[in-house]
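Here is how the chains run, residue by residue.
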Amino acid sequence: MTPFDSTFQSAHFIKSAEKLSQCPLDQGVEVAFAGRSNAGKSTALNTLTNQKKLARTSKTPGRTQLINCFGLNVEDRRLIDLPGYGFAKVPIAMKKVWQAHMQDYLMNRRSLAGVVLVMDIRHPLKEFDEMMLDWARSNRMTVHILLTKSDKLKRGPAKSTMLMVQKRIKEQGVDGTVQTFSSLNGDGVDALRIKLAEWLVFDNLEVIPVSPNA
């Protein structure tokens, strides 16, 4: 448990946006989750917030097609679920539109404090992941890599993978951190909450009530 558990559990849907101009007012602080469509991004968000249906999950990868915005009970603090990349069964032209809108968000969102880059621990550093890391380095954006599904590997191989990814981002000059995570057994949930609380600057902020119907 962490002092921030109830804050993340207060997460509630604000709106979905097709593009940056439709996102909530660009003030305060927010953290975005990005990842390939089968990396477990939506499941990680649900585990972080202890809510089964906050972020939509599906057996069909790539169902997150919009920029989904979630508020917290701390004023102007948000979690952002970016469109999954890679496996959605939609026309290539539509994928290019998603990619353009996501790039616009990442490049121009002033309130963005950092990106949680979600990777399946069994298949890290794929093309999309490398693209995101290159963007982070070029734009001096802080990244926290979440190696999901750590329960699928034994402790030794899981640690080896984490160390390998840490070495890679250091070599690339990326300002980032790496951790393992499992929605199944709870590995890394507290560590993720502590990292995000640091990014979202929760200290000395007023907690605001959230309507049950929000």
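Residues numbered from 1 in each chain as written. Predicted model: local features only at pLDDT ≥ 70, side-chain atom pairs only at ≥ 80, totals over all residues. Heavy atoms only, no water.

Within an unreviewed UniProt entry, the label attached to the chain reads Probable GTP-binding protein EngB, and the organism entered is Marinomonas profundimaris. In UniProt, the chain has this text filed under Sequence similarities (unreviewed entry): "Belongs to the TRAFAC class TrmE-Era-EngA-EngB-Septin-like GTPase superfamily. EngB GTPase family." For the record of the chain, the UniProt heading Cofactor (unreviewed entry) holds the text "Mg(2+)". (UniProt positions renumbered as here; feature names shortened; annotations may be inferred.)

Engineer: How should I be thinking about the sheet that holds strand 7 (residues 176-180) in this particular structure?
Structural biologist: The seven strands lie next to each other as 1-3-4-2-5-6-7, forming an open sheet whose pairing is mixed. Since the sheet does not close on itself, it has two edges, and those belong to strand 1 (12-17) and strand 7, each with one partner. Going across the sheet, the axis of each strand differs from the next one's by a mean of 20°, ignoring polarity. As paired strands, strand 1 and strand 3 (residues 67-71) are joined by five bridges and run antiparallel to one another. Pairing of Phe13 across the sheet is with Phe70, part of strand 3. On top of the sheet, helix 2 (residues 41-49) reaches strand 2 (29-35), strand 4 (77-81), strand 5 (112-120) and strand 6 (143-148); it is set at about 150° to strand 4, its chief contact. Contacts between helix 6 (residues 189-200) and the sheet are confined to strand 2, strand 4, strand 5, strand 6 and strand 7, with strand 2 contributing the most and set at about 135° to the helix. (Pairing = 2+ DSSP bridges. Helix = DSSP H or I, 4+ residues; strand = E, 2+ residues; numbered from the N terminus. Axes fitted to C-alpha atoms, helices over the stretch in contact; angles between N-to-C directions. Contact = heavy atoms within 4.5 Å.)

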